[in-house]
Structure formats: structure tokens, C-alpha cells
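# Per-entry structural report
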Amino acid sequence: MSRSTRRLMLVLLAFALVVVVSMTTILIITPVKTVPITSSTPTTAQAPQHVTTPNPTYAALAGDDPTGPDLAAYAAAHQDATFLGQAITPELPQKQSIVQLFQSVVLTITRKTGMVAPLPIVSQLITAHAAIPLVANGAQTYADLVGDTSSSAQVVPPANWQPTGAVATVGIFVALGKRGNTAVGHYIPPYFATYLIQFTNWRALVGTPLTEALKVPLSGGTPPAYIQAFGNALLVALPGSGSHAVSVAPRMAGLDWLSIFGRPAVQLVPQVTVRVTAATTIAASPGGSTAATFTSPFTARVRGDAAWVGTTLWYHIAWQNLLETRDGWLPADAVAFSVPTTPTPESADADALAPQLASYLNGLGDDAGLLVYVPSQNRTYAYNADQQFETASVIKVVILITLLNYVEGQHRALTSDEQSEAAAMIEESDNDAAQALYNEVGFNDGIAAYMASIGINHLTLTLGGFGTSQVLPQTMIHIFEDLRTASILTPADCQYALSLMGQIASDEQMGLGDTAPPGATVQMKDGYGLEDDGLNVMVTVGIVTYQGHVYDVALFTRREQTVQQGIDYVNTICQAIALALVGQK
């Protein structure tokens, strides 16, 4: 062999070696191509080189919360609640939306439109290369799905798929694009498809399919599991038993998302109006002692700060007691950011007005009953308001309106004698005048008939004298509001009755009259007397108008040793009410 021939052979050998090495290198660094899966041929994907491991402190943030009040209507209207799983955070406000994490998905509601939609958490977990096993005893993670989400992994419809075929037989094909003139996308096999179609608008719930159905080998030689990733959720089909080939359920991707990213930040906009959704105790500090008690849904405003105590989120809120502001803290699970446009009645205990007032009333125990009503807020504050108390002379208001109705029924005006007796009965609390008018209207039967006709059902009239009748505080508020709004009698007669109660003699103005804020007008009636046990009762009821703002009070006390003690009780309480509502005494 000549030297030139040997030199040519060496060059060719070297070139072949380079080619072999190059091909070997290509085989090493090129990812394994995922074989598209059909309903019978699941495969796996290769993991990327960079992964994100779960943060143990994030996983510990998962709580046990109810579905948030802003999302409750969505959950009730859909079958999706079983898919969501347990809520693991309360609703978390963002600037334009509200987010809540569930075990399987994460939901968001846009504040302006009220539209609810799941977030693409599975897409985010795959993008983050989350190193979280998708199936127990399986080695694959979200990171392993990166290659399966590429457009090159999309497939053509399988041969057995027909658009009009039964889902349980042929599954579902979702076209996502074209390769040449052929539609490509992802195929959802029958076991996943049958599971999905039970949910309302499943496409919106789980999102766009990201992968084919993929086989996940399990340790121990057991049959493999199958998974399929969608933008918002991930489905898992585990080997079944007996006649059940597989058991399908959503992967707890919401928990996975929490363990990778942590809780979304709370972004409260100060002074935004919110709705306390149910009877709730308001704390003085997060998890602290009771500051107030709402006994119904209640309107409040967020102050702008919040605090986590363990897995409980607390909001700092404020509420307006007419002109005065109170504040406190409550768990986020009791707060809705969607507020009804139509006001609804609100109620609270006396401690929502002022802790000092509540403490004083608690010292009196069941010897006091109070109801305060603020018409502009359709709100009541109560203490023992569901108990009956002796009316004493406030029954004279009932006699007056019964008289006016009696006269209206005769299509005439009050006589001069009736006017004199009515004025004496109300302004001076004259018992003889009250007795004469009580007799004229037909005694208890006449009063009872008229009270029933205007919806007053909690007035117990007695035979031992009209002043010993029993009444609920809320019944007297009802009567005064009927007069103020002219809902009974004629407007002229309502105004006449209120004008008499606005001219109470100075020695008959205990309670509301003695403690009225400077410049306020008061239309009231008080009463006092002896009970059968020889102890005293003291009552004050009426309407206070201060700078155009109105509040009603019905306050009953009993078992006082002296009349002065009763006066002290009602004056102290009414003064505290004025301070709590208008900042004046």
C-alpha cells in the first residue's frame, strides 16, 4: 500500500470517528421524544435539568376553611364543589380580584364583574419544574411534564375517535392547532372524559389539556397509574379493583401550588365596604378578647391591615354607629367583599355600641332590656330585647294611638275634651286622663283589636291596670317608627301624637329627655311605678333627632329600690347611647 493510500485511509478513519462521537453526543443530550398516548398506549416524559423543590414552611400554611362567601354562589350553582376539594385558605383579596386556594384548584373572582374562573396552576407548576411526585409510589413529577407540553407533543385524533361518538366509548379530542392541513391537539381517553363531563362547563373548570394521558409506573410491580395535565387541574387514574378499571380523581394541585409558591399576598384597599356574613364575634386584636358581637350579617369597612395567626387570617375592620366609628378584628372567613345592593336589616349586641355600655347592662342582668334602632342603617343594638317588661306609663302611647284610630273610624276630629285629656296623659303623664281615654276606646279589647290590626303582637294587656301590661322593647320601637314614618293613622294624626311627645313636662323627661345631645329634639314617653313585689320600674322610650340623624331607644329597667335609682340607671344608659352614636351627651 502506498504512503498516499495509507494517508487517505487514516483521514477517512478519523472522519468516521468524529461522526460516531458526534452522533453519540447527540443521543446523550437530545431529550427522549414522548410517544403520543392513546387510550391504550400511555407513555412518560423525561425530566428537565432544573427543578423547584417544595418549601416545607409553605406546605404548613394550608388551613381548613369554608368556601368563601364571594364564591359560595358559584359552588352552589355548579357540581364543581366536589372537584374543588377542601378550601385551604380563606378568600384572599387582590387589587382587582379575590383568590381562594382549594385542594385541587385555585379560584379567582373578579370584583367588578363577579366572574369566577380557575387559575392555570398546573401550567405554573410545570413551568416552575416543580419536583413533586404526581402519584404516590410513582417517580414522575411536574418537572417531568415539560416536554409533554410542547406543541411537538400534540397528536392527531386517534383512528377510533369520532366527533359524534359517545364520550364513554371514543373519549374527547381537543384540537389546539394544525400541523400542515391536519388538526392536532390532545386526546382525552374515555376514563378521563367520562369523569369530566359530569361537571358543569368542565372545559372552563380544568382548562386546556396540556398533555396526552401519560403512564406513571408504580413501585412494587403494581399496575401503572395514568395522569393527564390540564391548565387548571391534573387528573389521576389509579388502578381499580373488580369491575372498575380505574379510579379517577383530581390531583391536589392546589396544595402543590401552595407548597411551591406560598400563599398569595393579601392586598386590602383601605375603606372598602365589606359584608360580615353571619353572626360573628369581633375581637379587640387578632385572636384577642371580644370587642363587639354582631348577631346578623353586618356592613363594615376594612381598615387596610390584616394579620395571620397560624392558618387564620384576621382583618381589621371598622363600622359606623351612626356618627361614631368603632373598630375590631374578625376572621377572614366571615367577610364577603361583594355587598348586596339592597340594604338588609342588621343587628348587634349592645357591646357593638360601646364596651362600657355593655358592661353596665351586664351588671343589671335581666333587670334591664334595651333596643336601639338606627333607621338610616336599618340596624338594631339589643340587650335582653326578647324579654317582656312592664310598660308603666309608656302604655299611654298605645292608648293615644288607639284613640286616634277610634276617632278616625268615626270620621271626625278630636273633641276639645279629648285633646285636653290626650295632652295631659302624654305631656304630664296624668293617670286620670289616661283612664278616661282607656275607657273610651273600649278597654283592653279595644286596644288589643287595634294593635292586632297594625301588626303589634307582643303586647300583653292585663286586668290589674293598664300600666301593668307587658311589652317587648322592640314592640315600642315598632310603634314609634310607625308614627315617625306615618305608617299608621293619617299623617296629621301621626304628627299630632309626636308633637305631644315632643312637649313632655321637664319632670317627666327621665332617661332620653335628661340626656339628649345638645341641640337634639326628643319625642318620648317615660314611665315609672311599683311592681307587685314593691320594687320600682323605670322606662324610657322615644325618638332622638340630632343634626338630621335619627335613632330610637326603648329602655326598660326593673327591681330598683328607689325611683332615684331607676332614674340613675336610665340616665347612665341613655347617656352612653348618645356618646356611642353621635359623640355627644
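Placed above this text is the structure.
To start, this report covers the structure provided alongside it. It should be emphasised that the depicted structure is a prediction, and the values quoted were computed from it without experimental measurement.

Conventions adopted
- Residues numbered from 1 in each chain as written.
- Predicted model: local features only at pLDDT ≥ 70, side-chain atom pairs only at ≥ 80, totals over all residues.
- Heavy atoms only, no water.
- Helix = DSSP H or I, 4+ residues; strand = E, 2+ residues; numbered from the N terminus.
- Rg over C-alpha atoms; globule rule 2.2 N^0.38 Å.
- Buried < 20%, exposed > 50% of the residue type's maximum accessible area, 1.4 Å probe, protein only.
- Contact = heavy atoms within 4.5 Å.
- Areas by Shrake-Rupley, 256 points an atom, 1.4 Å probe, with all protein chains shown as cover.
- Lys, Arg positive; Asp, Glu negative; His and termini not counted.
- Charge placed at Lys NZ, Arg CZ, Asp CG, Glu CD.
- Pairing = 2+ DSSP bridges.
- Axes fitted to C-alpha atoms, helices over the stretch in contact; angles between N-to-C directions.
- Parallel < 35°, antiparallel > 145°, perpendicular 65-115°, else oblique.
- Left-handed = near helix turned anticlockwise from the far one by under 90°.
- Nonpolar A, V, L, I, M, F, W, Y, C, P; charged D, E, K, R; others polar.
- Salt bridge = Lys/Arg side-chain N within 4 Å of Asp/Glu carboxyl O.
- Phe/Tyr/Trp six-rings, centres within 6.5 Å; stacked < 30°, edge-to-face > 60°.
- Core = buried A, V, L, I, M, F, W, Y, C linked by side-chain atoms within 4.5 Å.
- Expected span 1.5 Å × (residues − 1).

Let's shift gears to the overall build of the protein. Within the protein, the secondary structure is distributed over 17 helices and 26 strands. Computed over its C-alpha atoms, the radius of gyration of the protein comes to 38 Å, more than 25% above the 25 Å expected for a compact globule of 585 residues. Burial status across the protein gives 49% buried among its 585 residues. Contacts in the protein between residues at least 24 apart in sequence constitute 61% of all its contacts with a sequence separation of at least 6. Surface exposure of the protein reaches about 26,000 Å², of which carbon and sulfur atoms provide 56%. Of note, the protein has its 25 positive side-chain charges centred 33 Å away from the centre of its 43 negative side-chain charges.

Glancing now at the pairing of strand 19 (residues 368-374). Most of strand 19 sits inside the fold, with seven of its seven residues counted as buried. A two-sided burial pattern is seen for strand 19, the buried positions comprising A368, L370, V372 and V374 on one face and G369, L371 and Y373 on the other. Note that strand 19 and strand 26 (residues 549-560) share six bridges and pair antiparallel. By the bridge assignment, L371 is partnered in strand 26 with A554. Sheet analysis places strand 19 next to strand 20 (residues 379-383), joined by five bridges and oriented antiparallel. From the neighbouring strand, V372 faces strand 20, where its bridge partner is Y381. Hairpin remark: strand 19 followed by strand 20, antiparallel, with four residues in the connecting loop; positive phi at N378, about 50°.

What follows deals with the sheet that holds strand 9 (residues 234-239). The strand order across the open sheet built from four strands is 7-8-9-10, with neighbouring strands paired in antiparallel fashion. Since the sheet does not close on itself, it has two edges, and those belong to strand 7 (214-216) and strand 10 (246-250), each with one partner. Between one strand axis and the next, the sheet turns through 25° on average, direction left out of account.

Across the interface, helix 11 (residues 395-409) lies against helix 15 (residues 473-484) with an axial gap of 11 Å and an inter-helix angle of 40°. When the axis of helix 11 is compared with that of helix 15, the two are oblique. Every pair of crossing elements has a handedness; the one defined by helix 11 and helix 15 is left-handed. Residues V397, V398 and I401 of helix 11 pack against I479, F480 and L483 of helix 15. Of the residues in the contact of helix 11 with helix 15, the class split is six nonpolar, no polar and no charged.

Take the pattern of salt bridges next. Enumeration according to the criterion identifies nine salt bridges in this entry. D366 is the partner of R559 in a salt bridge, and the nearest nitrogen-oxygen pair spans 3.4 Å. In this pair, R559 sits in strand 26 while D366 sits in the loop between helix 10 (355-364) and strand 19, placing the two residues 193 residues apart along the sequence. Judged by relative accessible area, which is 40%, D366 ranks as partly exposed. Linked through salt bridges whose partners overlap, the residues forming this network are D366, D367, R558 and R559.

With respect to the helices and strands, the residue Y438 is situated in helix 13 (residues 431-440). The sequence separation of Y438 and I399 amounts to 39 residues, and the corresponding C-alpha distance is 6.1 Å.

A word on the packing of aromatic side chains. One pass over the full model with this rule turns up 13 aromatic pairs. Ring geometry for W161 and F173: centres 5.6 Å apart, planes at 55°, overall tilted. Of this pair, W161 sits in the loop between helix 5 (121-127) and helix 6 (167-170) while F173 is found in strand 5 (residues 172-179), placing the two residues 12 residues apart along the sequence. Residue class for W161 comes out buried when judged on its relative accessible area of 18%. We classify F173 as buried; its relative accessible area is 9%. Residues F389 and F556 carry aromatic rings whose centres are separated by 5.9 Å and whose planes lie at 25° to one another, so their mutual orientation is stacked. Taken together, the residues span a long stretch of sequence, with F389 in strand 21 (residues 389-390) and F556 in strand 26 at a distance of 167 residues.

Glancing now at the nonpolar core. In globular proteins that are soluble, nonpolar side chains generally tend to be buried together. Among the nonpolar cores identified, the biggest contains 138 residues, and M451, Y551 and L581 are the most heavily contacted of them. Among the elements that make up this core, the one with the highest residue count is helix 17 (residues 563-582) (10 residues). Contact partners of L581, with chain neighbours within four places excluded, come to N321, L322, L323, E324, L353, V372, V374, Y381 and Y551. By size, the runner-up hydrophobic cluster in this structure holds 27 residues, among which are V106, V122, I132 and I260.

The geometry of helix 11 relative to helix 14 (residues 443-453) is characterised by a closest axis approach of 10 Å and an angle of 80° between their N-to-C directions. It follows from the interaxial angle that helix 11 and helix 14 lie roughly perpendicular. When helix 11 is examined against helix 14, the residues V398, I399, I401, T402 and N405 are found in contact with a partner set consisting of G446, I447, Y450 and M451. Here the residues of the contact of helix 11 with helix 14 sort into six nonpolar, three polar and no charged.

Time to look at the sheet that holds strand 21. With respect to topology, three strands assemble into an open sheet ordered 21-23-22, the strand pairing being antiparallel. Single-partner strands in this sheet number two, and they are strand 21 and strand 22 (459-460). Sheet topology places strand 22 next to strand 23 (residues 470-471); two bridges connect them, and they run antiparallel. Paired with L459 across the two strands is V471, which belongs to strand 23.

Positive phi outside glycine occurs at N201, with the angle close to 50°. By secondary structure assignment, the location of N201 is in the loop between helix 7 (190-196) and helix 8 (202-206). Not every positive phi belongs to a glycine, and F443 is a case in point at roughly 60°. Residue placement: F443 occurs in helix 14.

A few words on helix 12 (residues 416-427). End to end, helix 12 covers 16 Å across 12 residues, agreeing with the expected 16 Å (1.5 Å per residue, within 8%). Those residues of helix 12 not exposed but buried are E418, A422, A423, M425, I426 and E427. The inward-facing, buried residues of helix 12 contact helix 11, helix 13, helix 16 (491-501) and strand 24 (521-530). Following helix 12 by one or two positions, S429 has its phi on the positive side, about 60°.

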